[in-house]
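# A closer look at the structure
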Amino acid sequence: MSRWLVAPILIPMLTGVLCLLAVRRPRLNRWISVTGAALELAAAVALLAAVRSQGTLVLQVGGWPAPFGITLVADLLSAFLLAAACLLAFTLSIYSLASIGAQLESFAYHTLYHFLIMGVSGAFLTGDLFNLYVWFEVMLMASFVLMALGGERGQMEGAIKYVTLNLLASAFFLAALGILYGLVGTLNLADLAVKIGGVTERQPQGMLMAVALLLLVAFGIKSAVFPLFFWLPASYHTPPAAVSALFSGLLTKVGVYSLIRVFTILFVQNPDLTHNLILWISIPTMVTGVLGAVAQNQFRRVLSFHIISQIGYMILGLGLFTPLGLAGAIYFTAHNMIAKTNLFLVSGVVERLQGSQWLSRLGGLYVTQPLLAGLFLVPALSLAGLPPLSGFFAKLSLIQASFDARQYLAGGVAVAVSLFTLLSMMKLWNEAFWKPRAEDAPADAELPDRARWLVPIALLSLVTLAMGLGANWFYSLALDAGHQLMNPNNYILAVMGGQP
Amino acid sequence: MSITVLSGLAGSLLAAPLQRTAPRRAGWLLALLPLGLFIYFLTLLGPVSAGRTLVETLPWAPGLGVEFSFYLDGLGLLMALLVSGIGALVLVYAGGYLEGHPQLGRMYAFLLVFMSAMLGVVLSGHLLTTFLFWELTSISSFLLIGFDHKDETSRKSALQALLVTGGGGLAMLAGLVLLNQAAGTLSIPALLASSPDLLKHPLAGPAAALILLGAFTKSAQFPFHFWLPNAMAAPTPVSAYLHSATMVKAGVFLILRLGPVLGDHPLWTPLVSLTGAVTLLLGAWMALSQTDLKRLLAYSTVSMLGLLTLLGGLRTPLALEAAVVFLFAHALYKGALFMVAGAVDHETGTRDVTRLGGLARRMPQTAAAALPAGLSMAALPPLFGFIAKEVVYEAALESGLFAFAAVFAASAVTVFAAAVIAVEVFWARPAGSPPREPHEAPLALRLGPLVLAGLGLLAGLLPGPLDRALLSPAAAGLVGHPLQPGLALWHGLTPLLAYSALTFAAGALLYLARRPLRRLAAALTAGFGPDRLYDLAYAGVFRLAAWQTGLLQHGTLRYYLNLTVLAATGLVGTVLLLYGGLNMPAAFPGATFYEVLIAALILLAAGFAITTRSRLGAVAALGVVGYGVAAIFLLFGAPDLAMTQFLIESLTVILFVLAFYHLPDFERFSSRRTRLRDMLVAMLAGVLMTVLTLSAVGIQIFPTISSYYAQAALPEAHGRNITNVILVDFRGFDTLGENVVLALAAIGVFALLKFPKRRQP
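Now for a look at the structure at hand.

## Remarks on the layout of surface pockets
One number sums up the size of the second largest pocket: a volume of about 1400 Å³. Lining the second largest pocket are 38 residues, with Gly374(A), Leu377(A), Val378(A), Leu13(B) and Val113(B) sitting closest to its centre. Of all elements in the fold, only helix H16 (370–383) and helix H19 (450–469) of chain A together with helix H1 (2–21), helix H5 (104–123) and helix H6 (127–145) of chain B reach the threshold of two or more residues within the lining of the second largest pocket. A total of eight residues in the lining of the second largest pocket trace back to one element, the largest contributor, which is H16(A).

Quick look at the structure:
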């Protein structure tokens, strides 16, 4: 089985290449894209099942033993998030057919799309810190082009801020890598873990802490935590909805994943410093994000700021640094990937129907689009943490974990922020759905290919519901993943074989 | 039991299609579902009154301590009967009230969802199951208050109710998590059986306070009461069902339910009874000035919810019994009167009492329903309200003068309110004229009030069987031991009877003085209240949000970069200082002349690149920097690296020159101060990176793994150039990724150049 570990990386790559070859034949291009995404999803689900039943899977790429070659590793965290990401990739590949349009497609949209997925898969699966950097570059380049494609002024402006700040993150990441390699002489995560774990003198420890914080900053920028999130609200509302949705579901989550990975396997010697810092960052991240959302008057800008707030919840779980906290973080991340992406999809339909993102220009969809209204409520209420949807269990697990660790302030903030989340979601509801539309507004546009617009939304809504009703399955998966992360020896043994 | 609870959800799916196929009969047909549930619950009266409790547990998320479980005892059964019975009447009523409304199907659906949720709340056997349904009632209430969604007031009121009860719900959730930590379980049977030691746990107090906060918001207790009168923006069937008879009692229900568990905590009785007493008086006072029938009833409901809370706080056996009895009486008469108010509104087009009067002639049957309901509310015999009020008085007297005085005052206002709706509207001389010529309400609108008022009369005449079958078992579960059923219409000539007579007289006086009283009360109440406070807080949140967002996200890339770099430098620098991780070499031994020269060249070029205004000059200077770095590579024995670097630098410069040739020189848009600040930030970051790099050079904790590559390159990878072997074999996977990056960049360049410019509108 373990040789299939490379499949989630190769499938999107081949799909991307085939799409490029078929770029002049739109129908074929689309077929390839959706088929590739479906295969990718199948591979990811199969991988998750395999990891669930067989434990952590490892592939030494090229047959070179760790730590000399590059190792691919799938533990529960990787496999779970990969499956969630591939679900999004598949759903969005269908949504793209309706929303992207022939012109963008002729500029290799599908290739960019699948290469982005490749980067995400690679990041989730690699067991090598430099290789992670490479996947970050793939994601950054693909996302930059996707963001700028279309050439509208606002898009370029957003894209430039996006790429500048993210390049800064890359620079910090690379600097940290260089210093780390100088100190420890290896880049394989498991090997690094063993070696760093053995360092006891204070001065080298100080250097390692400095590296840890450089990585915290680099991944912190990628995952948009306070006060490093500026690039996100500056750019996410500019590209087409399908692209925003893809970014919201995947990019910051890879940052969160990297934080979780690095701060559970490499830098665990000083949780009083590192993890407490993360915990303290999580609080203003939750608060400023949701307040930012409340202040916005455009559909997608509200959603963009929301992403930040919810990143706060995810790293709250990491900051707690308990199995329960990590389980909460993982469950929350998966929940959020699905629900938040879904809201971006709804925003795309709304924009298509009423030609605007401005809340003041929207309205009346409760009467004209009852199905869409219902489908909006599922992810919106899930984000606000209402039972029986996924968001309730995600929040409950984090609140429980916080109180369990006696972090009453952080837990309390997590509870209070939910109220503002509810407020901003209901603001969207009131403005776009309930409020009658302005009298001078043109009639709603037609929605051709209705199924392609709405089936992805319905599918993700169902998943949100299923993650709530079947919370036990998902939560025990997340909890097992949390336990795995708190005991990295398994990971190390799996990678290094018998010689840790 | 789970099926009974969830059946409403299934029914709600049928509502819209049914409404489409049988628009006139849908309400009646859908009412069969709650009616069936009602009958089912009636069959449970026997076993439950014999002291049995029914429990059903389905595991849901045991890892999170969440169960989907149900627990039916006397109290639950009482509430379930009210919810299903009134539910059936309300569905019929809604069909008449909103006849022809395009969204009537949705109304039915939401009402059924609500009924399910409410049944879930009162029958749940696990507090997280309670919470699940609790929040579902909030959401369905939101959708129902905002039913008239084109009206801004409706939307605002719906959001207000949702935020207030939702906020309380979140507090309650936090409280439940704490309670779970203190008690180790949230299962209601287990909690009821838990030991009194639970109260000594340090988290028990905060848990109780937070849960009570949730209950108070739901049951519209001061200072959260304001949402309830505003919720009258909802269509009347909703007001009758959710906002008087059932949902607002959920908080009281929870207080009663958790009384045996947390009620002995020292915080409980003062907090709960004081909140109840304040609400009781406040609601009564606010009712005096109301001329809108629904708002009058709403404030009266607030007042009576305060009474129930007060009783739930006192927790004497008598108080608990009184709470149960009064809860039942209130649901019957208040549900009926709300429906009457709706019928009047429907037939006359107004709910303003100052424009109504003498409707008994035109609407005799509605008047006939209003009269017994009003008499019950005014606590006159032989109606059930009288019996309930007697028990309440008895319990209040037992608890002291203050409680009794509060209840007495509020009861007098209740008599007044009852007189307004049952007498003034129907029998008094008309004060003004309604917008429409009144007619008798259709059957659908009369049925509910008639049935509920009739039940009030029946219960008053035959209190014994009701007490034995339903009320005593319900109270017994709260008290903890079986009660002797003792409700009766006639207790003889007791002081209680005198008090009742006095109350009635006081209320009658208030009614006679109603016109000046309304003016006076309105003049005195105008001003600052929690409602205004909510508005301020609401606006304040938006202002704070806008301010914060303007501060953090004001759109300038320069500022973002500054902050990001400062944050990074600050964090890393602090840790370095804290840990003393610095390990700067004291001198640079063996720095050759060439090295110094190259370093100086690099520095000079970098300085020039920053300061020059010529684009091409800056590009060339950057090229010099790159060449300098390459030269260093060369000096330190990495010729292949240096070659690559030379190539890249040359290409970059050439490309830049081609691209920039036609662009104008740099302009300076920023002030000197800004540039100075930027320079400081940049230098800080530069110094940090330098220090870090230099420190790292001195420490090598472990030898690098690169010696392996030297050994394995030829024998195993069959290559003589180690760097190449690393790139294409050992770490070939990296190279694959980098190739993809290149392909992406190529597509990007092509697309950005070739993409047709869209005209900006």
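## Regarding the nonpolar core
Generally speaking, soluble globular proteins have nonpolar side chains that are buried together. Core analysis: the biggest nonpolar cluster contains 465 residues, and Leu129(A) and Trp429(A) have the highest contact counts within it. Top element by residues in this core is helix H15 (residues 317–348) of chain B. It accounts for 22 residues. Here Leu129(A) is in contact with Phe173(A), Leu177(A), Leu180(A), Leu187(A), Leu189(A), Leu192(A), Leu215(A), Val262(A) and Leu266(A), once residues within four sequence places are set aside. Listed in part, the 10 residues of the second largest apolar core include Trp64(A), Phe68(A), Tyr708(B) and Val725(B).

## Points about the pattern of salt bridges
When the charged atoms of two side chains with opposite charge come close together, those side chains can pair. Applying the stated criterion across every chain, the model contains 23 salt bridges over all chains. Among the salt bridges present, the one from Arg257(B) reaches Asp73(B), with a minimum N-O distance of 2.8 Å. Of the two residues, Arg257(B) is situated in helix H12 (residues 249–262) and Asp73(B) in the loop between strand E2 (66–72) and helix H4 (74–97); the sequence distance between them amounts to 184 residues. Neither Arg257(B) nor Asp73(B) differs from the other in exposure class; each is buried. For Asp734(B), the salt bridge is made with Arg731(B), and the minimal N-O distance between the two is 2.8 Å. Accessibility assignment for this pair places Asp734(B) and Arg731(B) in one class, buried. The network of salt bridges with common partners includes Asp128(A), Arg731(B) and Asp734(B).

## Some details on the environment of Leu183(A)
For Leu183(A), the location among the structural elements is in helix H7 (residues 153–184). When its relative accessible area of 0% is taken as the criterion, Leu183(A) is described as buried. Beyond its immediate sequence surroundings of up to four residues, Leu183(A) is in contact with Met207(A), Leu208(A), Val211(A), Ala696(B), Ile699(B), Gln700(B), Ile701(B) and Phe702(B).

## What about the interface of chain A and chain B?
If you look at the interface, chain A gives 119 residues, while chain B gives 102 residues. Taken together, both faces of the contact between chain A and chain B bury some 10000 Å²; the carbon and sulfur share is 77%. Looking at the side of chain A facing chain B, the largest losses of area belong to Trp64(A), Phe68(A) and Trp434(A), adding up to 9% of the total buried there. Put simply, chain A and chain B have one salt bridge between them. Ionic pairing is found between Arg731(B) and Asp128(A), a salt bridge with its closest N-O pair at 2.6 Å. For the interface between chain A and chain B, the tally reads 16 residue pairs in polar contact (both at pLDDT 80 or more). Looking at the side of chain A that touches chain B residue by residue, the class counts come to 86 nonpolar, 22 polar and 11 charged.

Rules used throughout
The numbers attached to residues start from 1 for each chain and follow its sequence in the written order. Here chains are named by letter from A upward and ligands by number from 1 upward, in the order in which they appear as written. Only residues with pLDDT of at least 70 get local features here, since the model is predicted, and only at 80 or more are side-chain atom pairs given and counted; chain-wide, interface and lining totals rely on the full set of residues. Values shown for side chains rest on all heavy atoms present in the structure; no hydrogens or waters enter the calculation. The way it works is a 1 Å grid over only the protein atoms, where trapped points that fit a 1.4 Å probe form a cavity and open points with protein on both sides within 12 Å along at least five of seven lines form a pocket, and then any residue with an atom within 4 Å of a point lines it. Grid points are joined across faces, edges and corners, and a volume is the space filled by probe spheres set on the points. Numbering of helices and strands starts at the N terminus; helices are DSSP runs of H or I of at least 4 residues and strands are runs of E of at least 2. Put simply, a nonpolar core is a bunch of buried Ala, Val, Leu, Ile, Met, Phe, Trp, Tyr and Cys residues held in one set by side-chain atoms that sit within 4.5 Å of each other. Think of it in three bands: residues with accessible area under 20% of the maximum for their type are buried, residues over 50% are exposed, and the middle band is partly exposed, with areas taken using a 1.4 Å probe on protein chains only. By definition, residues are in contact when any of their heavy atoms lie within 4.5 Å. Any Lys or Arg side-chain nitrogen found within 4 Å of a carboxyl oxygen on Asp or Glu counts as a salt bridge. Buried surface area refers to the total accessible area, computed with a probe of radius 1.4 Å, that the two partners give up upon joining, counted for both partners together. Under this definition, polar contacts are N or O atom pairs within 3.5 Å; protein pairs additionally need one hydrogen-donor-capable and one acceptor-capable atom, and for neighbouring residues in sequence, both atoms have to be side-chain atoms. Residue polarity follows a fixed list, in which Ala, Val, Leu, Ile, Met, Phe, Trp, Tyr, Cys and Pro are nonpolar, Asp, Glu, Lys and Arg are charged, and the others, Gly among them, are polar.

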